[in-house]
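What follows is each chain in one-letter form.
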Amino acid sequence: MVDDINYEEFENLQAVSELLKICSLVDKSSSIIDHIRSFSKKSGFFMKSIDLNKAILNTKSLIGQQLKKNNIEINFELRKNIPKIYGDNISIEQLIVNMILNSKDAIIEKQQENPDLDGNIRISTSHTNGMIKMVIQDNGIGIPDVIKEKIFLKGYKEIKGKKGMGLGLSLVTKIIELYNGKIWVEDRVNGNYTQGSNFIFLIPEEI
Ligand SMILES: Nc1ncnc2c1ncn2[C@@H]1O[C@H](COP(=O)(O)OP(=O)(O)OP(=O)(O)O)[C@@H](O)[C@H]1O
Ligand SMILES: [Mg+2]
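Residues numbered from 1 in each chain as written. Chains lettered and ligands numbered in written order. Predicted model: local features only at pLDDT ≥ 70, side-chain atom pairs only at ≥ 80, totals over all residues. Heavy atoms only, no water.

## Some words on the side chain of Thr 125
Within the fold, Thr 125 resides in strand β4 (residues 119–128). Overall, Thr 125 belongs to the buried group, its relative accessible area being 5%. Ignoring anything within four residues of it in the chain, the contact list for Thr 125 reads Leu 52, Asn 53, Ile 56, Glu 77, Leu 78, Arg 79, Ile 82, Lys 133 and Met 134. (Helix = DSSP H or I, 4+ residues; strand = E, 2+ residues; numbered from the N terminus. Buried < 20%, exposed > 50% of the residue type's maximum accessible area, 1.4 Å probe, protein only. Contact = heavy atoms within 4.5 Å.)

## Overview of the domain arrangement of the protein chain
For an interface, size is often stated in terms of accessible area lost upon the parts coming together. Looking at the assigned domains, one finds that the protein chain contains domain 1 (1–41) and domain 2 (43–204). Placing a centre on the C-alpha atoms of domain 1 and another on those of domain 2 gives a separation of 32 Å. (Domains from an automatic or database assignment.)

## Quick word on the packing of helix α2 (residues 52–69) against helix α3 (residues 89–113)
Direction vectors running N to C along α2 and α3 enclose 45°, while the axes themselves pass 9 Å from each other. When the axis of α2 is compared with that of α3, the two are oblique. The handedness of the crossing between α2 and α3 is right-handed. Contacts from Leu 52, Ala 55, Ile 56, Asn 58, Thr 59, Leu 62, Ile 63, Gln 66 and Leu 67 of α2 reach α3 at Asn 89, Ile 92, Glu 93, Ile 96, Val 97, Ile 100, Leu 101 and Lys 104. Broken down by class, the residue content of the contact of α2 with α3 amounts to 11 nonpolar, four polar and two charged. (Axes fitted to C-alpha atoms, helices over the stretch in contact; angles between N-to-C directions. Parallel < 35°, antiparallel > 145°, perpendicular 65-115°, else oblique. Left-handed = near helix turned anticlockwise from the far one by under 90°. Nonpolar A, V, L, I, M, F, W, Y, C, P; charged D, E, K, R; others polar.)

## Notes on the layout of surface pockets
Its volume calculated, the second largest pocket comes out at about 290 Å³. Lining the second largest pocket are 14 residues, and of these Lys 28, Lys 60, Gly 64, Gln 65 and Lys 68 sit closest to its centre. For the lining of the second largest pocket, the element with the most residues is α2, which contributes seven residues. (1 Å grid on protein atoms, 1.4 Å probe; cavity = no way out; pocket = protein on both sides within 12 Å on 5 of 7 lines; lining within 4 Å. Points joined across faces, edges and corners; volume = space filled by probe spheres on them.)

Printed below as a string of structure tokens:
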């Protein structure tokens, strides 16, 4: 269409700019679809040396649009030059996507009571004592103490509006166990109580 357009007419120029925008979005969509395809084809793990920061940033193209639509901002505070971990790219991305989607649901739930709430998700990484630490924070509805242990069980779900099956966190736990890592949830960061939830991951650095 861009090739066929008559550039002499002024209105057509606007159309060209829209068409070019569409082209670039189509390119973006195909790369996302390719990514999703390799995601769903997955069978078995392919363990190798991977860059956790890179995997975190990769997930943004998968769900960034969904977050934007719900007025949720995602920020990254990724420590540069952290050691690699020994893992599998697809499974680590699945883990991160599951966590972000849970945060999104928790924020949407909170927005039901407070429609003006700007959602915020923050993912940070750091490195101490041979372990990589990843913290995923959100300002969603939060998790009451009494259910903190239960949420990791297969089939458990608390948020009523959710269409999910309660499987995400049990999958996340399985993946993290495979990595010899740990996951837990806290309602405070550096001793300060926060509104939503903070999921903490420790993953051993690659030896
Ligand atoms: N960031 C969060 N904030 C508040 N509650 C959470 C958060 N993450 C998980 N939960 C609670 O833990 C429950 C279990 O999460 P899980 O990911 O296993 O299942 P789900 O999201 O309900 O369904 P699925 O992941 O299968 O779509 C959720 O239903 C929710 O009650
Ligand atoms: Mg989930």
